[in-house]
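# Structural overview
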Amino acid sequence: MTHTTQSPERRLVPDRNGAATAAPPLARTRPRRRPRPRSQLGVPPGEAWGRAAWAFLAPVTLYLALFYAYPLYRNLDLSLRDYTVRSFVQGDAPFTGLANYRTVFDDPTFAPALVHTVVFTVVCLFFQYALGLALAVFFNQNFRLSATLRALFLVPWLLPLIVSASTWSWMLNSDSGIVNSTLHSLGIAPVNWLTSPSWSLTSVIIANIWIGVPFNLVVLYSGLQSIPESLYEAASLDGASAWRRFWSITFPLLRPVSAITLLLGLVYTLKVFDIIWIMTKGGPADSSTTFATWSYQLGFGNLLPAFGPGAAVGNLLVAAALVFGLIYLKVQRKQALS
Amino acid sequence: MNRSARRRLTAAVVTAVAVTAGATACSSGGSSSAKGADSKTYTIWDPYPQFDKTSDWAKLLDGCGTEAGVKIERTAFDTSDLTNKALLAAQQGNSADVLIVDNPVVSTLAEAGVLTTTDDNKLDTSKVNPNLLAAGQSGGKTYGTPIGANTLALYYNKAVLKKAGVDVASVKDWKSLTAALAKVKEAGKKGITFSAIGTEEGSFQFLPWFWGSGAKLTALDSDQAVSALSLWKNWLGKGYAPNSVINNTQTTSWQEFASGDYAFAENGTWQLANAEKAGFQYGVIPVPAASGGDAAAPTGGEFVTVPVQKDSGRYATTQKLVSCLTNSQNLLETDTTLSYVAPTTEVQQKQVAANPKLKPWVAAVQAAKGRTSDDLGTKYPKISEQMWKAVQSALSGSASPKDALGSAQSAVK
Amino acid sequence: MTHAPTIPKRRNAAWVKTSLGVLLTAVMLFPVYWMLNVSFTRDQDMRKSPPDLFPTHGTFEGYRAVLDEQLPYLGTSLVIGLGTVVLTVALAAPAGYALAKLRPRGGGVLGFLLLVAQMVPGIIMAMGFYAIYLQLGLLQSVPGLIVADSTLAVPFAVLIFTAFMSGIPGELIQAAQMDGARALRTFWSIVLPMSRNSVVTVSLFAFLWSWSDFVFASTLANGGAHEPITLGIYHYIGNNNQQWNAIMATAVVASLPATVILVLAQRYVAAGVTAGAVKD
């Protein structure tokens, strides 16, 4: 690093106690403190500039085209044709337009699957984010062992999903599960976690929150690290309580990272099928079926795969993610302009 | 889109990939494709991942290869994965030379045009028991030969029955079985465990009761069918069977039985070896039919099939390989390792001679019925899916047995 | 940092925090403990009711099987994991920089496509890769699996880099607004070092995802000479029976070395951040 590029950073973040400020301050979201002319936001016009930018983007664009275009095209193609196992192998399925989508909409599973997908996604997302953020703030205090404990939080991610989901279904087993035996010793009646239609969705939500918390913790923790200590020092001198400091400094400054965490969390949660599939197979009686498990059930969960409708359900999920992506883009643009 | 257009697109993608991948791929690795393999290498896919490279099974395959003068490349898949992998490989023109699959999948693969018939591949199926071969037949053609068979029966724990004062000889029909379960429960033990999970396993386990009631797969909503499902439902309601059966795989159900608390467990031939290790005295009886006699149980076990190849010259060697795998001596060894019953009477007799405990199982296999038999073929998967859904709905209490089976039948149509 | 006024109180608070942290971690890792417990359990005790909290009649049967058969796969998994990390960061960091700071026309669309890309179900991706790799002869090869595993992480990485790099103040970038060469130098000597946190985050997840990947491994690497450790689980999933203590033991053996890497990496990260501050 040269001194010329470094000095503005120094000026920007007066570092009173020499604490870690290697990470950048999230300048753009802090107009209150340091209003700047928009020309400094780094949106320079010019053709040469655009070319340079695309040079940086070229590898990833090529990569996307190479590895995602074909599967995406294939999923679309599967959903628009009348695939039987025979035509899947021979590759001569007739084009049937939106017939598969109509089949899916008319299916009695559609309405419950939609409701479960929404409930599953919203509840998981809320708890994963809230718990992840609380833990990130907690671990950001750098007490003894904090780094090690934070690392241990990631251990669930090292396990293949087949193992972690099976462990959950083991613990939640109605008769020999540890959860019910603990409830029993506390004098609470056992719950049929996985085998009762009124509990199965709750059970898979709990397991999925467990899986999702470490992701939120790590990403939000990195976000916290990027907030300069000096801001807290200043607020502390003003006599702001910890609660106030969180709402007036941490939360607003974390907004871009929060937004992307939630968006990614949404995409991943919509897509979750392994956990539910291993724990309940979407049952009993469709009570924990979401679009993702339904899509898998249709396409692969049967001796005779129905690729067409399966892909159609999958594409509905892609469409849902598209909508949320658009919302994100719009919000982000508004934020950038404000 | 037709095949050539798909090919073009793939080719375009592939060329592009090749440019970049060339940089990352220091070694392109050994090709596993049958097309890429030379005429001296033959591929075999099986659903036995539990057997590694040093197992007897792998050695048997290599031995048969050596006998036929070719090298064997074996890949083992999880059985639930194998259907999709086989379809995908066939779509890409990369089918294995020999494919060993679960028997109800044969009709699906045959329907897909993936498999050759015995007319083409010249396999000799004359010695195979007809009821076992039926699972591999559809539309008057035979698509493979069974490597071994298994079926379901009731294991019982002698100590538990003794404690409850139940004589196992008294269990002859559903009524006496239920009475025995009631006694067991009174004695403070647990009645029966089975698997009613929402997959093919659940249907497999329900079928002996379904068929034992006199019901037919073409009419899921018959009164007999309702009576079979009501039997299970009733057991759960009275606490004779644990609630966990709704989510039990056959392995989980076996683990429950192995805990030593249960009087009965519905499970398969393949658990014999584990039963010996369980540490208590056990016995086996056939699943009783509703009003006495033995219920027909479904046949389990795998078929050896020969997928279609572009180069029809390969079939001659493949035929040699399959004959080697299914000759009497090798069947005996394989089925002993798998804890299966052999598909031919000759080998079955040898098995019983070597291990008298197999006797009830041989009888059960001889009386068993293929799931895709009765020319149901690819209709079976749809029926089966609705059946396990109905079982799940009824047992979990979200619908009555009658309503559950009623909506199952209307969904099949 | 705490802001407690007196020192003894602060030390006290630190201990409270550490114990609370340990407690939270224990709750979080209870399912992992349960997996460990099952891995030691004898077959006949697997579904004992009520279950044993500790494997009192422990057996090493599962581990014996695993240690005999599985160790060579660990190396493969490690190579694949590290390869995935390098490929992911190399592809995604420049892209994140461009999207966050250079903002070319059409960049938004690309970011959008990245989001869509993540929605393609893994199994469909795997089927696509199978078709492509079959033509290229990349099936059952380590580089092939690295590229496939990186698709789990690249869109995520680009979006994360974009979010984090957009926080780097514009002043720093402006000094280098002249041409492409300068842009590259800015990226290398300013943006990348300042993005250490996001590089670490992305690397962690890229590694974790490839380490625990099952779908790509079973579609693209099954039967090859180099199989990752997750495929080892297959050895215990028979066509009729699953050997659960060995399956869980495989998971334990598979996660131990990776856990050590994680803990060490976290320490390095913590140290790295402070060291960076001093160097600045």
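Fair warning: this is a prediction, and the values are worked out from it, not measured in the lab. Residue indices follow the written sequence of each chain, beginning from 1 at its first position. Here chains are named by letter from A upward and ligands by number from 1 upward, in the order in which they appear as written. At least 70 in pLDDT is required for a residue's local features to be given in this predicted model, at least 80 for side-chain atom pairs to be given and counted, and no such filter applies to totals for whole chains, interfaces and linings, which use all residues. Only hydrogens and water are set aside; all other atoms, that is, all heavy atoms of the structure, feed into the side-chain values.

Starting at the N terminus, helices and strands are each numbered in turn, a helix being any DSSP run of H or I of at least four residues and a strand any DSSP run of E of at least two. Helix and strand content of chain A: 16 helices and zero strands. Each residue is placed in one exposure class: buried if its accessible area under a 1.4 Å probe, protein chains only, is under 20% of its type's maximum, exposed if it is over 50%, and partly exposed if it falls in between. Burial analysis of chain A (338 residues in total) assigns 60% to the buried set. Any two residues whose heavy atoms approach within 4.5 Å at even a single point are treated as in contact. The long-range fraction of contacts in chain A, counting pairs at least 24 apart against all pairs at least 6 apart in sequence, stands at 66%.

Right, let's get into the side chain of Ser288 of chain A. Residue and element names in this part refer to chain A. Along the chain, the position of Ser288 falls in the loop between α14 (274-280) and α15 (291-300). Overall, the relative accessible area of 0% leaves Ser288 in the buried class. Aside from chain neighbours lying at most four places away, what touches Ser288 is His116, Ser200, Leu201, Val204, Ile276, Thr280, Gly282, Gly283 and Thr293.

Turning our eyes to something else, we now look at the packing of aromatic side chains. Working definition: rings of Phe, Tyr and Trp (its six-membered ring) pair if their centres are within 6.5 Å, and the pair is stacked with planes under 30 degrees apart, edge-to-face with planes over 60 apart, and tilted otherwise. Taken as a whole and judged by the stated rule, the model has 61 aromatic pairs over all chains. Centroid distance Phe246 of chain A to Trp247 of chain A: 5.1 Å. Interplanar angle 80°. Geometry classified as edge-to-face. With a centroid separation of 5.6 Å and an interplanar angle of 85°, the aromatic rings of Phe129 of chain C and Phe216 of chain C are classed as edge-to-face. Here Phe216 of chain C lies in helix α10 (residues 215-221) and Phe129 of chain C lies in helix α5 (residues 122-136), a separation of 87 residues in the sequence. For the pair Phe129 of chain C and Phe216 of chain C, one class covers both residues: buried. Through a chain of ring-to-ring contacts, the aromatic side chains of Trp174, Phe194, Phe206, Trp209, Phe210, Trp232 and Trp235 of chain B assemble into a single cluster. A cation over an aromatic ring shows up here: Arg314 of chain B above the ring of Tyr42 of chain B, its NZ or CZ 4.3 Å from the ring centre. A cation sits over an aromatic face here: Lys369 of chain B above Trp211 of chain B, 4.9 Å from the ring centre. Lysine NZ or arginine CZ positioned within 6 Å of the ring centre and within 35 degrees of the ring normal marks a charge as sitting over the ring.

This brings us to the state of the cysteines. All names here are of chain B. Cysteine sulfurs are considered disulfide-paired once they come within 2.5 Å of each other. According to the stated counting rule, one finds one disulfide over all chains in the structure shown. Between the sulfur atoms of Cys64 and its disulfide mate Cys324 the distance is 1.9 Å. The disulfide joining Cys64 to Cys324 has a torsion of about -75° about its S-S bond and is therefore left-handed. Of this pair, Cys64 sits in helix α2 (residues 56-68) while Cys324 sits in helix α13 (residues 315-325); the two residues are 260 residues apart in sequence, bridging distant segments of the chain. Here the two residues Cys64 and Cys324 agree in accessibility, since each one is buried.

Further remarks concern the domain arrangement of chain C. All names here are of chain C. Domain borders in the structure are assigned automatically or taken from a domain database. For chain C, the domain assignment lists domain 1 (1-59) and domain 2 (67-279). With eight residues of domain 1 at the contact, the number on the domain 2 side is six residues. Both faces considered, domain 1 and domain 2 share a buried interface measuring about 570 Å² in area, 76% of it formed by carbon and sulfur atoms. Taken as a group, Met35, Val38 and Ser39 account for 64% of the area that domain 1 buries against domain 2, more than any other trio of residues on that side. Here, a salt bridge means any Lys or Arg side-chain nitrogen found within 4 Å of an Asp or Glu carboxyl oxygen. Applying the counting rule to domain 1 against domain 2 returns zero salt bridges. The definition of a polar contact used here is a pair of N or O atoms within 3.5 Å, where within protein one atom must be able to donate a hydrogen and the other to accept one, and adjacent residues in sequence count solely through side-chain atom pairs. The interface formed by domain 1 and domain 2 holds one residue pair in polar contact (both at pLDDT 80 or more) in total. Each residue gets one of three labels, nonpolar for Ala, Val, Leu, Ile, Met, Phe, Trp, Tyr, Cys and Pro, charged for Asp, Glu, Lys and Arg, and polar for the others, Gly among them. When its residues are assigned to classes, the side of domain 1 that touches domain 2 shows four nonpolar, three polar and one charged. Here's the idea: put two parts together, see how much 1.4 Å probe accessible area each one loses, and the total over both is what we call buried area.

Glancing now at the pattern of salt bridges. Residues and elements named next belong to chain B. For the coordinates displayed, the defined rule picks out ten salt bridges over all chains. We note a salt bridge from Lys189 to Asp261, for which the minimum N-O separation is 3.8 Å. On the criterion of sequence distance, the pair formed by Lys189 in the loop between α8 (174-186) and β8 (190-193) and Asp261 in the loop between α11 (250-258) and β9 (262-268) is long-range, its members being 72 residues apart. Overall, the relative accessible area of 24% leaves Lys189 in the partly exposed class. The residue Lys357 makes a salt bridge to Glu276 at a minimum N-O spacing of 3.0 Å. Of the two residues, Lys357 sits in the loop between α15 (345-354) and α16 (359-367) while Glu276 sits in helix α12 (residues 272-277), which places them 81 residues apart along the sequence. With relative accessibility at 44%, the residue Lys357 sits in the partly exposed group. With relative accessibility at 46%, the residue Glu276 sits in the partly exposed group.

In this description, strands pair whenever DSSP reports at least two bridges between them. Spatial strand order, β2-β1-β3-β11-β6 (chain B): five strands in an open sheet with mixed pairing. Among the strands making up the open sheet, the edge pair consists of β2 (71-76) and β6 (145-146) of chain B.

Moving on, we come to the interface of chain A and chain C. Contact residues are listed per partner, giving 113 residues for chain A and 117 residues for chain C. Roughly 10600 Å² of surface becomes buried between chain A and chain C when both sides are summed, with 75% attributable to carbon and sulfur atoms. Linking chain A with chain C are zero salt bridges. On inspection of chain A and its partner chain C, the count reaches ten residue pairs in polar contact (both at pLDDT 80 or more). The element contributing the most residues to the side of chain A that touches chain C is helix α2 (residues 47-67) of chain A, with 14 residues.

This next bit is on the pairing of strand β1 (residues 41-46) of chain B. Residues and elements named next belong to chain B. The buried fraction of β1 amounts to six of the six residues, a majority that puts the element mostly inside the structure. Burial along β1 is two-sided: the residues Thr41, Thr43 and Trp45 and Tyr42, Ile44 and Asp46 are all buried. Relative to β2, β1 runs parallel, the two being bridged by six bridges. The partner of Ile44 across the bridge, within β2, is Arg74. Note on handedness: a clockwise path from strand one over the helix to strand two, with the strands aimed away from the viewer, defines a right-handed crossover. Regarding the hand of the β-α-β motif, the stretch spanning β1, α2 and β2 is right-handed.

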